[in-house]
Amino acid sequence: MGFFSKLKESLAKTRQVFVEKIETLLTGYRKPDEEFFEELEEALIQADVGVTTSMQLVEKLQKICKERRIEDASLLKDVLAEEVARILGEEDIELNLKGQPFSVILVVGVNGVGKTTTIGKLAWFLKSQGKKVILAAGDTFRAAAIDQLEIWGNRAGVEVIKHQEGSDPAAVAFDAMQAARARKADVIIIDTAGRLHNKVNLMEELKKIKRVIQREVPDAPHEVLLVLDATTGQNAVNQAKIFGEAAGVTGIVLTKLDGTAKGGVIISIKNELKVPVKFIGIGEKMEDLRPFAPHEFASALFDRSDAKEM
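Residues numbered from 1 in each chain as written. Predicted model: local features only at pLDDT ≥ 70, side-chain atom pairs only at ≥ 80, totals over all residues. Heavy atoms only, no water.

Chemist: Teacher, can you tell me more about the overall build of the protein chain here?
Modeler: Along its length, the protein chain carries 12 helices and eight strands. In terms of overall size, the protein chain behaves like a compact globule, its C-alpha atoms giving a radius of gyration of 21 Å where 310 residues would be expected to give roughly 19 Å. Along the first, second and third principal axes, the C-alpha atoms of the protein chain reach 65 × 40 × 30 Å. By residue count, 55% of the 310 residues in the protein chain fall in the buried class. Pairs at least 24 apart in sequence give 75% of the contacts found in the protein chain among residues at least 6 apart. (Helix = DSSP H or I, 4+ residues; strand = E, 2+ residues; numbered from the N terminus. Rg over C-alpha atoms; globule rule 2.2 N^0.38 Å. Buried < 20%, exposed > 50% of the residue type's maximum accessible area, 1.4 Å probe, protein only. Contact = heavy atoms within 4.5 Å.)

Pasting the structure below:
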């Protein structure tokens, strides 16, 4: 199965909530009147697009209706698809891997979102592109996180730098930097603790890690990727706001899009946070973490065939 077909299949539940509900609404109204737009807004909110983004989408559709003199509600599906595609963006946004002598990627996110799994898959993806990758087990708060990262490192065929549970994460980062320099690595991916109960501690820990890596590579980290779980819906947006303040997030990885009806949250994330989604996860296999292609996603969501099979 090609990636676009897999993406369409993975978005089936989201499409059912997002598109099919809206299609029912569009066919139930002849004219796009005030009551129609109120119900459309409600349908978008139920599809985890978020209150703010849903209101903005409806306002834009109302404006377009007036400008184009649209009097048939069924014609608004294509207009909505256009607006969603516009919010998601036209261009694919690549990882910044221009660091010298190597690039440093910090990965943040709460426990349970698939952070460690994502790091393993990302390492595999970069390795498949010819990059030499080193992983740093910086989530020293949990022994399970260190063990899990080592398992994923073995699967991806990359080296993992680790210390014992309870060690200083910045010390792990330092050793990983030394290893990267000695092994002539291209990319270091550093895992971080996923606890949010004390934002001050989180911020201080991340600041310390950044200070350590910047002594070795002054413009690092080159990416701070936040891993979010699509199944949590709008809670993912709240997490992104907290981590955005604490960590200076440069990109988002949205996991577990397969099997959730809450994939509409990606529209809310992109619109409200102004942080690019760089990767999406649509399955358990290594190759199921892929760079986010906005046009493909919009086409798969609205079940269009105007995206190339990959």
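So that's the structure; there's more coming.
Chemist: Hey, could you run me through helix H4 (residues 51–68) in this one?
Modeler: Given 3.6 residues per helical turn, the α-helix brings residues three or four places apart onto the same face. With 18 residues, H4 extends 26 Å from end C-alpha to end C-alpha; this agrees with the ideal 26 Å at 1.5 Å per step. Every buried residue of H4 is accounted for by Thr53, Ser54, Leu57, Val58, Leu61, Ile64 and Cys65. The arc that holds every buried residue of H4, seen down its axis, measures 135°, which confines them to one face. Of the exposed residues in H4, the ones pointing more than 90 degrees away from its buried face are Glu59, Lys66 and Glu67. Where H4 is buried, its residues touch helix H3 (34–46), helix H5 (76–88) and helix H11 (265–273). Where H4 terminates, the next one or two residues include Arg69, which has phi positive at roughly 55°. (Expected span 1.5 Å × (residues − 1). Arc of directions from axis to C-beta.)

Chemist: Help me understand the sheet that holds strand E8 (residues 289–291) in this model?
Modeler: Neighbouring strands of a sheet are bound in pairs by backbone hydrogen bonds; such pairs are parallel or else antiparallel. Read across the sheet, eight strands follow the order E3-E2-E4-E1-E5-E6-E7-E8 without closing on themselves; strand pairing throughout is mixed. For this open sheet the edge positions go to strand E3 (159–161) and E8, each flanked by a neighbour on one side alone. Across the sheet, the axes of successive neighbouring strands diverge by a mean angle of 25°, strand direction being ignored. Two elements, strand E5 (residues 223–229) and strand E6 (residues 251–255), share five bridges in a ladder whose sense is parallel. Looking at E6, one finds that Leu228 is bridged to Leu254. The strands touched by helix H6 (residues 115–128) are strand E1 (103–108), strand E2 (133–136), strand E4 (187–191), E5, E6, strand E7 (277–281) and E8; relative to E4, the strand with the most contacts, the crossing angle is about 175°. (Pairing = 2+ DSSP bridges. Axes fitted to C-alpha atoms, helices over the stretch in contact; angles between N-to-C directions.)

Chemist: What's the story with the packing of aromatic side chains in this structure? I'm lost.
Modeler: The description of two aromatic rings rests on the distance between their centres and on the angle between their planes. Within the structure shown, the criterion is met by three aromatic pairs. Arranged with centres 5.1 Å apart and planes meeting at 70°, the rings of Phe36 and Phe37 form a pair that is edge-to-face. For the pair Phe36 and Phe37, a shared accessibility class is recorded, and that class is buried. On the numbers, 5.6 Å between centres and 65° between planes, the contact of Phe292 with Phe297 is edge-to-face. For the residue pair Phe292 and Phe297, the accessibility class agrees, reading buried in each case. (Phe/Tyr/Trp six-rings, centres within 6.5 Å; stacked < 30°, edge-to-face > 60°.)

Chemist: Before we go on, may I ask you to explain the pattern of salt bridges in this structure?
Modeler: Opposite charge on two side chains allows them to pair when their charged atoms are near. Going through the model one piece at a time under the given rule, you end up with 16 salt bridges. For Arg86, the salt bridge identified is with Glu83, shortest N-O distance 2.8 Å. With a gap of three residues between them, Arg86 and Glu83 both fall in helix H5, about one helical turn apart. Taking the relative accessible area as the measure of exposure, Arg86 reaches 48% and is therefore partly exposed. Residues Asp139 and Arg142 are paired through a salt bridge, measuring 3.5 Å at the closest nitrogen-oxygen approach. Looking at Asp139, the relative accessible area reads 1%, which means it is buried. Using a relative accessible area of 28% as the deciding quantity, one classes Arg142 as partly exposed. One network of salt bridges, with partners in common, ties together Lys115, Asp139, Arg142 and Asp191. (Salt bridge = Lys/Arg side-chain N within 4 Å of Asp/Glu carboxyl O.)

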